[in-house]
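Examining the three-dimensional arrangement
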4 protein chains.
Amino acid sequence: MAIEGKQEAARERRIRLGMVGGGSGAFIGAVHRMAARLDDRFDLISGALSSTPEKSAASGRELGLDPARTYGSYKDMAIREARLKDGIEAVSIVTPNHVHFEAAREFLKRGIHVICDKPLTSNLADAKKLKKLADESDALFILTHNYTGYPMVRQAREMIANGDLGKLRVVNVEYAQDWLTEAAEQTGAKQAVWRTDPAQSGAGGSTGDIGTHAYNLASFVTGLTLESLAADLDSFVPGRRLDDNAHVMLRFAEGAKGMLWCSQVAPGNENGLKLRVYGEKGGLEWSQENPNLLWYTPFGEPKRLITRNGAGAGAAAARVSRIPGGHPEGYLEAFATIYSEAALAINAKKNGTKLDKAVIYPTVDDGVKGVAFVEACVASSKKNGAWVKL
Amino acid sequence: MAIEGKQEAARERRIRLGMVGGGSGAFIGAVHRMAARLDDRFDLISGALSSTPEKSAASGRELGLDPARTYGSYKDMAIREARLKDGIEAVSIVTPNHVHFEAAREFLKRGIHVICDKPLTSNLADAKKLKKLADESDALFILTHNYTGYPMVRQAREMIANGDLGKLRVVNVEYAQDWLTEAAEQTGAKQAVWRTDPAQSGAGGSTGDIGTHAYNLASFVTGLTLESLAADLDSFVPGRRLDDNAHVMLRFAEGAKGMLWCSQVAPGNENGLKLRVYGEKGGLEWSQENPNLLWYTPFGEPKRLITRNGAGAGAAAARVSRIPGGHPEGYLEAFATIYSEAALAINAKKNGTKLDKAVIYPTVDDGVKGVAFVEACVASSKKNGAWVKL
Amino acid sequence: MAIEGKQEAARERRIRLGMVGGGSGAFIGAVHRMAARLDDRFDLISGALSSTPEKSAASGRELGLDPARTYGSYKDMAIREARLKDGIEAVSIVTPNHVHFEAAREFLKRGIHVICDKPLTSNLADAKKLKKLADESDALFILTHNYTGYPMVRQAREMIANGDLGKLRVVNVEYAQDWLTEAAEQTGAKQAVWRTDPAQSGAGGSTGDIGTHAYNLASFVTGLTLESLAADLDSFVPGRRLDDNAHVMLRFAEGAKGMLWCSQVAPGNENGLKLRVYGEKGGLEWSQENPNLLWYTPFGEPKRLITRNGAGAGAAAARVSRIPGGHPEGYLEAFATIYSEAALAINAKKNGTKLDKAVIYPTVDDGVKGVAFVEACVASSKKNGAWVKL
Amino acid sequence: MAIEGKQEAARERRIRLGMVGGGSGAFIGAVHRMAARLDDRFDLISGALSSTPEKSAASGRELGLDPARTYGSYKDMAIREARLKDGIEAVSIVTPNHVHFEAAREFLKRGIHVICDKPLTSNLADAKKLKKLADESDALFILTHNYTGYPMVRQAREMIANGDLGKLRVVNVEYAQDWLTEAAEQTGAKQAVWRTDPAQSGAGGSTGDIGTHAYNLASFVTGLTLESLAADLDSFVPGRRLDDNAHVMLRFAEGAKGMLWCSQVAPGNENGLKLRVYGEKGGLEWSQENPNLLWYTPFGEPKRLITRNGAGAGAAAARVSRIPGGHPEGYLEAFATIYSEAALAINAKKNGTKLDKAVIYPTVDDGVKGVAFVEACVASSKKNGAWVKL
């Protein structure tokens, strides 16, 4: 082992957490639970884990939850927990997209902080209503655009904000997967079924599932505002009801141009989220599958490889790193950072203290932008790729 | 050293070659000369190397040409060489784009084979006229889309033709450089000056200089026909008269979709030509900067890295490889392959023998398509990115 | 998000855990705590976290431990916890090496399971005594050779056991770092001070700190038995008292040969643990800094890249993976796997059930081998690199 | 195409070249011919290409040589060519190792420059005699340690000479191949047969064939003097008469330590020559299979990737580069650089001019060192890996 490590934050009482969705067979629920646990700032004590009371109870038992705190519906859970003296302070919503809005509403209106999976909702109308509810609520709303938790993503954002790249010109982002290359939804695979079902996912397939992540990442790192887009969407797999591939051209308000490609039918790509940004003075390249590295290419100088907690990495990355450079942190650590940022925000709120400016988490506004992005992609594609404003 | 090598082809007499352009300070002329020399099938014996007789003579002396065979203009050269008993049999035209048409015409009409740099001409009207001339001439016309000479590009083409990827869905190609990140043309850098000058280059900047290579590569490897495109072109550097960045969406006649990005303002990219192709059954990825490798990703199987002359490489790649796997061949070797293919075709023509089907070289038709691509990009961009048919 | 995920194991009561060492400023203590937490099988409830009662108490408060369960010495802790009805069931020992033996003894003799950092002890005599104690105790002894928890390390081990490489010939392993390139110990850096102090570390510097990991990894993956070694050790930094670089040649009982290089003075290497194994039928290559990949090179076939939870990965890797391929798992996850394996073993012991054969964790025997390796390296180097038997 | 290119050197008359060995089926002969041709400084006009007059004549015809200048033996060739007014000025010797000495002698003593493949001879006694002959001759002796021709190898050498790494500590070099994983020599493969035959190759197998390259590369780049070595050689393939794998520890006179691994039985390695050098201030890493890159890792700064003709590359690399960065040069170009350096030296000699100090080529001294290295490896291995002085 190598260098002086980073200590856990000084202890505060753990935040009492509930979960909606995430029962047996779900993938993302388990991810949220590991993420909540890693930095030891949350206690999962309650859940409405499945769509039926029986399954929910069974999943609760598996997770060691008190049966009295396992509910058959998120509504019951919200009502009951809000009344308990030691009720949950925050809830993670990890259901398919179409449930996000109504579930979040029940908790927000009772002052329970919401940590919600993305995309925010299955349509823009719901997204806007949810934003209104969140803005009016005392509770916080945290959207788990988890890729913003990667230290080298924070590093890239800090460098661009510092002007290291000069005025930005080109932003290319892509998110390629291959798991829907064949018609997995026709074999009943749970993840494939709901993600290709407009009723559960909304108007976007790959655009909603992963395109929103790509768009969010580009926005988060560059700080640019997407002004309009032109999209060409396809459903290459016969019978598929939502897009499984999208090519999108981007125009940013600040004058930069870009491209976004998302695909779930690109064999050989597991989770290929990549961002490349070029400005007048240099470039940056980051890839999610090897996330501890960031290429920095100042024009006219040798390419530099900045590593997490290595030489050249700045304060923003160091703040969210746990272990020394060369000891890779991964997807769960980045996800856990979103939870830790949420905990810091929740505790500041509770204690009436000022939140450290360095704390960053995606909000309901990012969620609205993401759903607007999906609907703009769909609209543009229907209009033969015409430019659509956001 | 490792395995049994590849012998040079059985000797035929070297082909007598002339060159138009390529005098002192030119880059691509030297490349053509090395490419012509490597496989020992040509003898450079004549030239009209520069735009003035004095410079041409000086350049000829530097290259050791017979002063009697060094000309002040390509027209004089064509007239005189055509009359000589041992006159040139072929000519390489390596001038800026706007000279290609008229120079090629002089040689074609005298039955001298033309090996011409790309893009074919500086506008589509000239390109079509040149095609007519080439079609009517007994002489061959070879366009040096040199990237088609890379063994692993041939390998990719062969695999797709064999159906290894199934029906194609997505074709993403890009060509990124950074040498025009700043206004090099304003400092008088020769290469930058003519390449950013519409009078010498034509309507396209990066689209003409490198976008045509990207488009040609995608077409060559996939065998698909580009049906229409939607383009967003920019000149990011103040004062630049031609595009230095282009995002282009592609629709192929066979149903595949794609995108093409070319840029000369992407810091950190030296000569980043990359192709990715995905079909129903698998994918392929190739990058020019490490050209001896080809990723092959059959769906549902581990990724495979095929190497030049290594296991898994087929006949098309082996045919144009010179040395064992692990001994990298590069840009000049690929370029030399275009010359060797040209020599095989010229000799077959001369000898009245049937040309081996395996011999491949880009033709005037590819040239016309390239110029049409440039003009379509410019037209689409002027129409706010509307789809333009090719 | 992509494919069907992996559910947490069905709940059993969490194992009550204590910790010796790991107070403020320690690195590896925090790593153990995160690792213990990730899979939710342990509750840290007690500690003797520092060498003085005051510091221990302060560190306990920071971690939210009950002050009544925070002790000034590991001996007090062992005595007291052994008497409590809800006393700790297991203890993590994360002190400098020279403390391992005595601390472990106190817990082992009271039937408390020990999870101990490596190297096992600071000298071979202690290591052998500790092995005797562990063998005689009812308690389990788990050594945190954490790199054996990486899924692709398990994959490599499984493939070799399956005979995919045929009889092994060459085993090259290396572990390169750069954090001791300068005399960090002279600036008081805590990690550097004790790791370069023979009294705390033992006879080996880089050989003990990281060479043991490299040796363990090679042994774990190949299943080979190291028969003898020849070593050349150096302390390149003036004033350094232990080796900071070692070149070691290896001979295995089964006929394979190898080399091991460990260095803490190799600029540009953060945590460069790499293993390459070659047999009659193929090879494997793995690198810790990008741990989700494994190169498999069957002789005469294209190279294959196997990814964690991707195509080609087998049962041993899948068993210890948490999330889909392309979502990188890192150092903490691998470390957590050691803890989860320990939990499975502890629970099986407690419940009197048969432990699943797939469960693997490093034991006191591996620890003895590691210390023997260090002492053999030192002995060989003193004898001018003569071969020393293990 | 990108930036201003490099012009060919101003013309001098081509040097008249002959070749010994390199007939049909030989690999390295064709490589030498391409290398001699690329930069246009040699004319191949004569040959004794095979061991029998008939084969030699046939090979000469294939290459288009004048039959009168094709000889049945190198001795006839030397005698005859030395008498001709336009006889060869230089000869390339590309036979199996055991012929080098006697062939070279015939030409050296007649004042014909010798360009000889490595290793210099099949035993040290011959090597020393050859050195004496070369020293006494007016003719030059150039040994084709071709890897020293790579621009980034020159770059590494220049940086170390400049002190960019400070005092050197660790030098690790390896050369791994897999083409002898099975008993290819028993199937009659020509390259395998002679390379595994002590009578033709000398005492070393992989050590002679590729270990000498690795040793030469390490010496060339670092400028260090190898003082002693300890080696463990194996012939893993049953029936093989020479080593096919060697692990070697290195001690340099200047205090640095190192390891050399060469293997021809490492599946997945095609031509894996890699060098890593670490000093007090930084490190360098270079790999032959992607030779246009050089990693430079100054301690405490981000890793930098220097590219051929890119930012950060210095004069030594630029001098031997032909084309812009990003346009890969490969093995043949590096080999051609040795020929071009030889031509510069030969012409300087002929013209009585002072040779530019920047011109570098391997000499008979490097050849003697290489053969001494092989014999030291064999001797050490026979003495159970004892240290042997060089």
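Since we're looking at a predicted model, the values are computed, not measured. Within each chain, residue numbers correspond to sequence positions counted from 1 in written order. Following the order in which they are written, the chains are lettered starting with A and the ligands numbered starting with 1. The predicted origin of the model limits local features to residues at a pLDDT of at least 70 and limits the giving and counting of side-chain atom pairs to 80 or more, whereas totals for whole chains, interfaces and linings rest on all residues. Excluding hydrogens and water, the side-chain values take into account all heavy atoms of the structure.

Quick notes on the overall build of chain A
What counts here: Per the convention used, a helix needs a DSSP run of H or I reaching at least four residues, while a strand needs a run of E reaching at least two, with both numbered from the N terminus. Computation of the radius of gyration draws on C-alpha atoms, with the globule rule given as 2.2 Å multiplied by the number of residues to the power 0.38. Residue contacts follow a heavy-atom distance rule, with two residues in contact if any of their heavy atoms lie within 4.5 Å. Throughout, the Shrake-Rupley method with a 1.4 Å probe supplies accessible areas, and for residues the shown protein chains are the sole cover considered. Neither His nor the chain ends contribute to the count of charged residues, in which Lys and Arg are positive and Asp and Glu negative. Taken as the charge centre is NZ of Lys, CZ of Arg, CG of Asp or CD of Glu, depending on the residue.
Looking only at helices and strands, chain A features 12 helices and 14 strands. Here chain A has a C-alpha radius of gyration of 21 Å; the compact-globule value for 390 residues is 21 Å, and the two agree. With the C-alpha coordinates aligned to their principal axes, the bounding extent of chain A is approximately 65 × 55 × 40 Å. In chain A, the proportion of contacts linking residues at least 24 apart, taken out of those at least 6 apart, comes to 69%. For chain A, the exposed area adds up to about 12,600 Å²; of that, 51% sits on carbon and sulfur atoms. Each charge sign in chain A was given a centre, from 49 positive and 46 negative side chains, and these centres are 4 Å apart.

What about the interface of chain C and chain A?
Cut-off, in case you're wondering: What counts as buried area is the accessible surface, traced by a 1.4 Å probe, that two parts surrender upon association, with contributions from both included. The term salt bridge refers to a side-chain nitrogen of Lys or Arg lying within 4 Å of a carboxyl oxygen of Asp or Glu. Residues adjacent in sequence count toward polar contacts only when both atoms are side-chain atoms; beyond that, a polar contact is any pair of N or O atoms within 3.5 Å, and within protein one must be able to donate a hydrogen and the other to accept it. Polar here means any residue outside two lists: the nonpolar Ala, Val, Leu, Ile, Met, Phe, Trp, Tyr, Cys and Pro, and the charged Asp, Glu, Lys and Arg; Gly therefore counts as polar.
If you look at the interface, chain C gives 58 residues, while chain A gives 58 residues. The junction of chain C with chain A conceals about 4,700 Å² of combined surface from both sides, 53% of it contributed by carbon and sulfur atoms. In this structure, the connection of chain C to chain A is made through 2 salt bridges. We note a salt bridge from Arg37(A) to Asp40(C), for which the minimum N-O separation is 3.6 Å. Our enumeration of links across chain C and chain A arrives at 13 residue pairs in polar contact (both at pLDDT 80 or more). Those elements that place two or more of their residues in the side of chain C that touches chain A are helix H1 (28-38), helix H2 (53-63), helix H7 (190-195), helix H9 (206-222) and helix H11 (331-351) of chain C. Of the residues forming the side of chain C that touches chain A, the biggest block, 7 residues, is contributed by H1(C). Across the side of chain C that touches chain A, the residue classes tally to 24 nonpolar, 17 polar and 17 charged.

A look at the side chain of Asn146(C)
All names here are of chain C. Going by this rule: A 1.4 Å probe rolled over the protein chains alone gives each residue an accessible area, and that area as a share of the maximum for its type sets the label: buried under 20%, exposed over 50%, partly exposed in between.
For Asn146, the position within the fold is in the loop between strand S5 (141-143) and helix H6 (151-161). Given a relative accessible area of 2%, Asn146 falls into the buried group. Sequence-distant contacts of Asn146, that is, excluding residues within four places in its chain, are made with His213, Tyr331, Ala334, Phe335 and Ile338.

Observations regarding the interface of chain B and chain C
Interface size is commonly expressed as the accessible surface area that is lost when the partners come together. The interface of chain B with chain C comprises 10 residues on the first partner and 10 residues on the second. For the pair chain B and chain C, the interface holds 2 residue pairs in polar contact (both at pLDDT 80 or more). If you tally residues by element for the side of chain B that touches chain C, the top one is strand S13 (residues 303-307) of chain B, at 4 residues. Among the residues making up the side of chain B that touches chain C, the classes are represented as 5 nonpolar, 2 polar and 3 charged.

Quick notes on the relation of the copies chain B and chain C
Operational definition: Our superposition of the copies is a least-squares fit, built on the C-alpha atoms of residues whose pLDDT is at least 70 in both.
With an axial shift of 0.0 Å and an RMSD of 0.0 Å, the rotation relating chain B to chain C amounts to 180°. Considering both components of the superposition, the chain copies are consistent with a two-fold axis. Considering only C-alpha atoms, the residue of chain B closest to the rotation axis is Arg304(B), which sits at 2.2 Å. An overlap of 100% is found between the interface residues of chain B and their copies at the interface of chain C, pointing to a shared contact surface.

Examining the pattern of salt bridges
Charged atoms that come close allow side chains of opposite charge to pair. Tallying each qualifying case throughout the model produces 116 salt bridges over all chains. If you follow the salt bridges from partner to partner, you end up with Arg13(A), Arg16(A), Glu89(A) and Lys350(A) in one network.

A few points about the domain arrangement of chain A
All names here are of chain A. Cut-off, in case you're wondering: Domain delimitation in this document rests on an assignment produced automatically or drawn from a domain database.
Annotation of chain A at the domain level lists domain 1 (15-143) and domain 2 (150-323 + 364-389). For the pairing of domain 1 and domain 2, the buried interface totals around 1,700 Å² over both sides, and the portion due to carbon and sulfur atoms is 61%. Inspection of the domain 1/domain 2 interface yields 3 salt bridges. Here Asp209 and Lys118 are joined by a salt bridge, their closest N and O atoms 4.0 Å apart. Applying the counting rule to domain 1 against domain 2 returns 6 residue pairs in polar contact (both at pLDDT 80 or more).

A short note on helix H4 (residues 97-108) of chain B
Residue and element names in this part refer to chain B. Stated formally: To estimate the expected span of a helix, count its residues, drop one, and scale the result by 1.5 Å.
Here H4 spans 17 Å end to end across 12 residues, near enough to the 16 Å set by a 1.5 Å rise per residue. With 9 of its 12 residues buried, H4 lies for the most part within the structure. Taken residue by residue, H4 has Asn97, Val99, His100, Phe101, Ala103, Ala104, Glu106, Phe107 and Leu108 as its buried positions.

Some remarks on the sheet that holds strand S3 (residues 90-93) of chain C
All names here are of chain C. Put simply, the test is: What makes two strands pair is DSSP finding at least two bridges between them. Convention adopted: a line fitted to C-alpha atoms gives each axis, helices being fitted over their contacting stretch, and angles between N-to-C directions are expressed from 0 to 180 degrees.
What the 5 strands build is an open sheet, ordered S2-S1-S3-S4-S5; its pairing is parallel. The open sheet has two free edges, formed respectively by strand S2 (42-48) and S5, since each of these has just one partner strand. Strand-to-strand twist in this sheet, taken as the mean axis angle between neighbours without regard to direction, amounts to 25°. With 4 bridges connecting them, S3 and strand S4 (residues 113-116) associate as parallel partners. Residue Val91 lies in a different strand from S4, and its bridge partner there is Val114.

A closer look at the packing of aromatic side chains
Residues and elements named next belong to chain A. In plain terms, the rule: Under the pairing criterion, centres of Phe, Tyr and Trp rings, with the six-membered ring standing for Trp, must be within 6.5 Å; the plane angle then separates stacked pairs below 30 degrees from edge-to-face pairs above 60, leaving the rest tilted.
Counted under the stated rule, the structure contains 34 aromatic pairs over all chains. With centroids separated by 5.9 Å and ring planes inclined at 65°, the aromatic side chains of Tyr147 and Tyr331 adopt a geometry described as edge-to-face. Of this pair, Tyr147 sits in the loop between strand S5 (141-143) and helix H6 (151-161) while Tyr331 sits in helix H11 (residues 331-351), and the two are 184 residues apart along the sequence. On the accessibility criterion, Tyr147 (2% relative accessible area) is buried. Given the relative accessible area of 0%, Tyr331 is considered buried. Of the aromatic side chains, those joined through ring pairs into one cluster are Tyr147, Tyr150, Tyr175, Trp286, Tyr331 and Phe335.

Observations concerning the side chain of His32(B)
Looking at the element boundaries, His32(B) is found in helix H1 (residues 28-38). Setting aside residues up to four positions removed in sequence, His32(B) forms contacts with Met19(B), Ser92(B), Val94(B), Asp117(B), Thr144(B), Phe335(B) and Tyr339(B).

Considering the sheet that holds strand S2 (residues 42-48) of chain A
Residues and elements named next belong to chain A. If you trace the 5 strands from one edge of the open sheet to the other, you get S2-S1-S3-S4-S5, paired in parallel fashion. Among the strands making up the open sheet, the edge pair consists of S2 and S5. Averaged over all neighbouring strand pairs, the angle between strand axes comes to 25°, with direction disregarded. Strands strand S1 (15-20), S2 and strand S3 (90-93) of the sheet are contacted by helix H1 (residues 28-38), whose axis makes an angle of about 175° with S1.

Overview of the UniProt feature "domain: Gfo/Idh/MocA-like oxidoreductase N-terminal" (unreviewed entry) in chain A
What counts is decided by this rule: UniProt positions are given in the numbering used here, feature names are shortened, and annotations may be inferred rather than shown by experiment.
UniProt records the feature "domain: Gfo/Idh/MocA-like oxidoreductase N-terminal" (unreviewed entry) for residues 15-143 of chain A in the present numbering. Split by type, residues 15-143 of chain A is 44% helix and 19% strand. Its first and last C-alpha atoms lie 17 Å apart.

Topic: the pairing of strand S11 (residues 282-287) of chain D
Taken residue by residue, a regular strand's side chains alternate between the two faces of the sheet. Residues and elements named next belong to chain D. Judged from the 5 bridges that link them, strand S10 (residues 272-279) and S11 form a sheet pairing that is antiparallel. Paired with Leu275 across the strands is Trp286, a residue of S11. In this antiparallel pair of consecutive strands, S10 and S11, the connection spans 2 residues. For S11 and strand S12 (residues 293-298), the ladder comprises 4 bridges, and the chain directions are antiparallel. Bridging across to S12, Leu284 finds its partner in Tyr296. Hairpin connection, S11 to S12: the antiparallel pair is bridged by 5 residues.

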